[in-house]
Amino acid sequence: MVENAIKEVYTSLLPKTMIIADLGCAAGSHSSHFISTIISTIVELCKSSADDCVELQFFLNDLPSNDFNELFRSTDKLKRPNSTGEMAHLLPLYYIMALPESYYNRLFPRESVHLFHSSYCLHWRSQEPEGLESWRKDYLNEDNIYITKTTTSFVVKQYQKLFRNDFSLFLKLRHEELVHGGQMVLIFLGRNNEDVYNGHINQHFALVARSLQSLVLKGIVEKEKLESFNLPVYGPSVGEVKELVMQSHLFNMDLIKQFETNWDPFDDSEGDDVEDSARSSMNIAKLARSLMKSLIVSHFGETVLDAWFAEFRCLVAKHLEKEKIKSTIIAMSLKKE
Ligand SMILES: C[S@@+](CC[C@H](N)C(=O)[O-])C[C@H]1O[C@@H](n2cnc3c(N)ncnc32)[C@H](O)[C@@H]1O
């Protein structure tokens, strides 16, 4: 999808400089992979052109708390396409900048960006849903931390409202910043079911909630602390995403796809069998720890982290004995006419 988007933007607009942004880039190597993909695609396109190759300016965006130093160490090791011999002159000049700011704000001057990319970010909300605390200081989602079977319809509506507001704002801001003919490739966690209570993402966070509930029973976490904890995430269905894009009247939706991956990021197998539940549960628990560490530490304190990790890994291992756990991914390509 990224290759197609960059080819289309380049061949239809023939810009001298392309502005490309990776939103929610984090500190790992995914941005380097994204940048390499763009550069290789441009090299292929420039082979058949008599003009000077386009220059590329990449903006790597994340929240100001992101470890941009670590990120720049990984982009330093970027694998460049073969840059020796006759092909060397085809290699585009490229510049990489950091952009520390929430993407729920304007990030660029109007009509200046050619391609936006964002992977594994847009299921995170801008804040926790509001109004989940009643006037008597009862917490309306009790010891759930996301939408589970016992979550009330009021709480579900608060989550959905927050998703609609965030996603519509994101579309509006990016539309202002894109050039005409510019594109966005967005990949994020979604829900495999129109039923808001019943998706892989609900299953993931129900297991996280159960592990925290066990810590309450063991006296490691206070009950009230757990009851006041609600995750700022929402996994939408494809239907919900399509509806918001259509309602915005801002983009043409070139493609939207939903697919499944295994929750264990190192398991590429296609079947429903778990080969080694101890190893898989460790992979899943490490993934969850890297994603949730800052939220857990800021709400429950640093001391809870190791106990939570052990409890969660154990619950996941038990669950994997019964069934493999999947994730639902939504990938979409949008174009500004
Ligand atoms: C799971 S990581 C994804 C990292 C990388 N894009 C990848 O594909 O592996 C999600 C990232 O989104 C960032 N993020 C969440 N909300 C954001 C916001 N409002 N503005 C910018 N970045 C945000 C987080 O800080 C985190 O680094």
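Refer to the preceding data block for the structure.
Quick summary incoming for the structure in this document. Here the structure is a predicted model, which means the values were calculated and not measured.

### Details of the overall build of the protein
Secondary structure assignment for the protein yields nine helices and seven strands. Taking 2.2 N^0.38 as the reference for a compact globule, 337 residues should give roughly 20 Å; the C-alpha atoms of the protein span a radius of gyration of 22 Å, in line with that estimate. Burial analysis of the protein (337 residues in total) assigns 52% to the buried set. About 16,800 Å² of surface is accessible on the protein, with carbon and sulfur atoms providing 50% of the total. Counting 36 positive and 46 negative side-chain charges, the protein places the averaged centre of each group 2 Å from the other.

### A few points about the site of the ligand
Around the ligand there are 15 residues in total, and Gly 24, His 30, Asp 62, Tyr 103 and Ser 119 lie nearest to it. Between the ligand and His 30, the relevant distance is 2.5 Å, taken from an oxygen atom to a side-chain nitrogen or oxygen of the residue. Separating a nitrogen atom of the ligand from a side-chain N or O atom of Ser 102 is a distance of 3.1 Å. When the ligand sits alone it has 600 Å² of accessible area, and the protein chains cover 83% of it. The class makeup of the residues in the shell around the ligand is eight nonpolar, five polar and two charged.

### Quick notes on the packing of aromatic side chains
As enumerated under the stated definition, the model contains 13 aromatic pairs in all. Aromatic side chains Phe 59 and Phe 108 sit 5.0 Å apart centroid to centroid with 85° between the ring planes, which places their arrangement in the edge-to-face category. In this pair, Phe 59 sits in strand E2 (residues 55–62) while Phe 108 sits in the loop between strand E3 (94–100) and strand E4 (113–119), placing the two residues 49 residues apart along the sequence. When its relative accessible area of 16% is taken as the criterion, Phe 59 is described as buried. Through successive ring pairs, a cluster of aromatic residues spans Phe 163, Phe 167, Phe 188 and Tyr 234. Lying across the ring of Phe 116, Arg 174 places its NZ or CZ 5.5 Å from the centre. The side chain of Arg 289 reaches across the aromatic face of Phe 309, ending 5.1 Å from its centre.

### Quick notes on the sheet that holds strand E1 (residues 17–23)
In space, the seven strands of this open sheet follow the order E3-E2-E1-E4-E5-E7-E6, with mixed pairing throughout. Edge positions in the sheet fall to E3 and strand E6 (252–262), since each of these pairs with one other strand and no more. Pairs of neighbouring strands in the sheet enclose a mean axial angle of 15°, with direction left out of account. By the bridge criterion, ten bridges tie E6 to strand E7 (residues 326–335) in an arrangement that is antiparallel. In the strand pairing of E7, Thr 261 is matched with Ser 327.

### Structural notes on the state of the cysteines
In this structure the tally under the stated criterion is one disulfide. Across the disulfide from Cys 46 sits Cys 53; the S-S distance is 2.4 Å. What sets the handedness of the Cys 46 and Cys 53 disulfide is the S-S torsion sign, and at about 75° it is right-handed. For Cys 46, a relative accessible area of 2% gives the class buried. Residue classification places Cys 53 among the buried positions, given a relative accessible area of 19%. In this structure Cys 25 is a free cysteine whose sulfur lies 8.2 Å from that of Cys 121, the closest cysteine sulfur available. Residue class for Cys 25 comes out buried when judged on its relative accessible area of 5%.

### Some points on unusual backbone geometry
Residues other than glycine seldom take positive phi values, yet Glu 111 does so here, at roughly 50°. Here Glu 111 is to be found in the loop between E3 and E4. Taking the relative accessible area as the measure of exposure, Glu 111 reaches 42% and is therefore partly exposed. Positive phi values are uncommon outside glycine, yet Glu 142 reaches one of about 45°. Its location among the elements puts Glu 142 in the loop between E4 and helix H4 (153–177). Glu 142 gets classed as partly exposed once you look at its relative accessible area, which sits at 46%.

### Looking at the pattern of salt bridges
Counted by the stated rule, this structure contains 14 salt bridges. A salt bridge links Glu 177 to Arg 106, with the shortest nitrogen-to-oxygen separation between them at 3.5 Å. You can see Glu 177 sitting in helix H4 and its partner Arg 106 sitting in the loop between E3 and E4, a full 71 residues away along the chain. Taking the relative accessible area as the measure of exposure, Glu 177 reaches 0% and is therefore buried. Residue classification places Arg 106 among the partly exposed positions, given a relative accessible area of 37%. Of the charged contacts, one joins Lys 218 and Glu 311 as a salt bridge, the two residues approaching to 2.7 Å between their closest N and O atoms.

### Here's the deal with the side chain of Asp 22
In this structure, Asp 22 sits in strand E1. With residues near it in sequence (within four places) discarded, Asp 22 still touches Ser 31, Phe 34, Phe 59, Leu 60, Asn 61, His 117 and Ser 118.

Calculation criteria
- Residues numbered from 1 in each chain as written.
- Predicted model: local features only at pLDDT ≥ 70, side-chain atom pairs only at ≥ 80, totals over all residues.
- Heavy atoms only, no water.
- Helix = DSSP H or I, 4+ residues; strand = E, 2+ residues; numbered from the N terminus.
- Rg over C-alpha atoms; globule rule 2.2 N^0.38 Å.
- Buried < 20%, exposed > 50% of the residue type's maximum accessible area, 1.4 Å probe, protein only.
- Areas by Shrake-Rupley, 256 points an atom, 1.4 Å probe, with all protein chains shown as cover.
- Lys, Arg positive; Asp, Glu negative; His and termini not counted.
- Charge placed at Lys NZ, Arg CZ, Asp CG, Glu CD.
- Near = heavy atom within 4 Å.
- Polar contact = N/O pair within 3.5 Å; in protein donor to acceptor, adjacent residues only side chain to side chain.
- Nonpolar A, V, L, I, M, F, W, Y, C, P; charged D, E, K, R; others polar.
- Phe/Tyr/Trp six-rings, centres within 6.5 Å; stacked < 30°, edge-to-face > 60°.
- Lys NZ or Arg CZ within 6 Å of the ring centre and 35° of its normal.
- Pairing = 2+ DSSP bridges.
- Axes fitted to C-alpha atoms, helices over the stretch in contact; angles between N-to-C directions.
- Disulfide = S-S within 2.5 Å.
- Salt bridge = Lys/Arg side-chain N within 4 Å of Asp/Glu carboxyl O.
- Contact = heavy atoms within 4.5 Å.

Keep in mind that these numbers describe shape and distance, not what the molecule does.
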